[in-house]
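Chain by chain, the residues run as shown.
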Amino acid sequence: MNHPLGSDIRPIEPFGLEVRFDLSRGLSPQDGATLKDLFYKHKLLLFRGQTLTRDEQFGVLEHIGPVDRASPLDYVMPDDPVLGTRHLAFHSDMHFAPFPAEGVSLLALDVEEQPTYTAFVDAADAWRRLPADVKQRLEGKRSVRAATPGVYEDELPYDLPEGMHSMEREVVMVHPETGEPIVYVARCSTSRIVGLGREESSELLHRLYDTIYDEAHMLKHWWRDGDLLIWDNLALQHARPSIEGITRRKLQRVTIATHEQSSQIPKSYVSPVDVDNWQVKEGAK
Ligand SMILES: [Fe+2]
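(A) Highlighting the environment of Val-67. By secondary structure assignment, the location of Val-67 is in the loop between α2 (54-61) and β4 (75-76). C-alpha separation for the pair Val-67 and Thr-258, spaced 191 residues apart in sequence, amounts to 7.4 Å. If near-sequence neighbours (up to four positions away) are discounted, Val-67 is found in contact with Phe-58, Leu-61, Glu-62, Val-254, Thr-255, Ile-256 and Ala-257.

Printed below as a string of structure tokens:
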């Protein structure tokens, strides 16, 4: 028989929690409540050895919040037309949307023995690690976020390429559930801080990036078949190295989203097909 969820747990360094529990047997209301508590407390949960259909995965995540059944990205595979095998820089999924997904989960259905990893950083923890003077400088500040799919290796320039969809949003987001401040900027998708000149914006963003992307606080999860990861998509950013040459890497994806994600994708969304053009444009400036 399944023991109660939460009775067999192990912390992951530098953050996250491994929970030993067979999710396929179903969750009692108490288990569901514990799942939600652990998710918001630890921000990343790992369950190993899971076998779940996508519907069952929806059912598990529904204990945390509303799930997005209309999401166009249901499996992450090397032949995905958008993500492909490229290196994906640190990002939060749908970071450019007014309401990004609150949580993301991936279940490894079939991964090669030579494992690949997904890396995570905690931008709520980054806020706590920032010096007081930097925190003060961020008060009331907004940033320009571009609608990149998170594939750029280098950071965005101060001036966005013409035609690239962008939006402004607060630099420090208050987590809707936990109330924690989150440094909600990403090197691959933030171009500048509104109201600051080129140099000052760049200097301040680099101080934030140095803190957020500090390797000493980075988690790398090496995938094995049956691994289910559920993470807070607002507080955490994730990235992956190139998976060129990997043929088997099928991850089943389900998101927790109060607001449907596909309806928030702008029409001028820049697909990876345009990335090369973007780089040429940058070099030509
Ligand atoms: Fe992602």
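(B) Focus on the coordination of the iron ion. Summarising the metal site, the iron ion is bound by the protein donors His-91 (NE2), Asp-93 (OD) and His-238 (NE2), whose distances to it range over 2.1 to 2.2 Å. Counting gaps between the donor residues of the iron ion yields the pattern H-x1-D-x144-H. Of the two residues, His-91 is situated in strand β5 (residues 88-91) and His-238 in strand β15 (residues 236-240); the sequence distance between them amounts to 147 residues. In this pair, the class of His-91 matches that of His-238, namely buried.

(C) Spotlight on the environment of Leu-156. Its place among the elements puts Leu-156 in the loop between β8 (142-146) and β9 (166-170). Accessibility expressed as a relative area gives 4% for Leu-156, which makes it buried. As a C-alpha pair, Leu-156 and Ala-186 span 30 residues in sequence and 9.4 Å in three-dimensional space.

(D) View of the side chain of Asp-227. Position of Asp-227 among the secondary structure elements: in the loop between β13 (219-222) and β14 (228-232). A residue is classified by how much of its surface remains accessible, and Asp-227, at 0% relative accessible area, is buried. A distance of 3.1 Å separates a polar atom in the side chain of Asp-227 from a polar atom in the side chain of Arg-48. Sequence-distant contacts of Asp-227, defined by excluding residues within four places in its chain, comprise Leu-46, Phe-47, Arg-48, Gly-49, Leu-106, Leu-107, Ala-108, His-221 and Trp-222.

(E) Structural detail: helix α1 (residues 29-42). Between its first and last C-alpha atoms α1 spans 20 Å; for 14 residues at 1.5 Å apiece the expected length is 20 Å, and the two agree. Within the sequence span of α1, burial applies to Asp-31, Gly-32, Thr-34, Leu-35, Leu-38, Phe-39 and Tyr-40. Looking at the packing, one finds that the buried side of α1 touches β2 (17-19), β3 (44-47), α2, β6 (103-111), β14 and β16 (249-256). Just downstream of α1, Lys-43 is the residue with a positive phi angle, here 75°.

(F) The sheet that holds β2, seen in detail. In spatial order, the strands read β1-β2-β3-β14-β6-β16-β4; together these seven strands make up an open sheet with mixed pairing. Strand pairing shows two members of the sheet lacking a second neighbour, β1 (9-11) and β4, which therefore form its edges. With two bridges connecting them, β4 and β16 associate as antiparallel partners. If you follow Tyr-75 over to β16, its bridge partner there is Gln-252. Along the sheet, α1 contacts β2, β3, β6, β14 and β16; its crossing angle with β3, the most-contacted strand, is approximately 125°. Running over the sheet, α2 touches β4, β6, β14 and β16 and is turned about 40° from β16.

(G) Region of interest: unusual backbone geometry. Cis geometry is found at the peptide bond from Glu-13 to Pro-14, where omega equals 5°. Positioned with a positive phi, Lys-43 is a non-glycine residue whose angle comes to about 75°. Relative to the helices and strands, Lys-43 is located in the loop between α1 and β3. For Lys-43, a relative accessible area of 5% translates into the label buried.

(H) Region of interest: empty space enclosed by the protein. Under the definition given, this model contains one cavity of 30 Å³ or more. As for the largest cavity, its lining consists of Val-111, Glu-112, Gln-114, Pro-115, Thr-116, Trp-223, Arg-248 and Arg-249. The residue makeup of the lining of the largest cavity, split by class, is three nonpolar, two polar and three charged.

(I) The arrangement of the confidence of the model for the protein chain in detail. For the protein chain, per-residue confidence averages 89 on the pLDDT scale, and residues scoring 70 or more make up 90% of the total. Segment residues 270-285: pLDDT under 50, and 22 contacts once partners within four positions in sequence are set aside and those in other chains are kept.

Reading guide: rules and limits
Residues numbered from 1 in each chain as written. Predicted model: local features only at pLDDT ≥ 70, side-chain atom pairs only at ≥ 80, totals over all residues. Heavy atoms only, no water. Helix = DSSP H or I, 4+ residues; strand = E, 2+ residues; numbered from the N terminus. Contact = heavy atoms within 4.5 Å. Donors = N, O, S within 2.8 Å, 3.2 Å for Na, K, Ca; no water. Buried < 20%, exposed > 50% of the residue type's maximum accessible area, 1.4 Å probe, protein only. Polar contact = N/O pair within 3.5 Å; in protein donor to acceptor, adjacent residues only side chain to side chain. Expected span 1.5 Å × (residues − 1). Pairing = 2+ DSSP bridges. Axes fitted to C-alpha atoms, helices over the stretch in contact; angles between N-to-C directions. 1 Å grid on protein atoms, 1.4 Å probe; cavity = no way out; pocket = protein on both sides within 12 Å on 5 of 7 lines; lining within 4 Å. Points joined across faces, edges and corners; volume = space filled by probe spheres on them. Nonpolar A, V, L, I, M, F, W, Y, C, P; charged D, E, K, R; others polar. pLDDT = per-residue confidence, 0-100.

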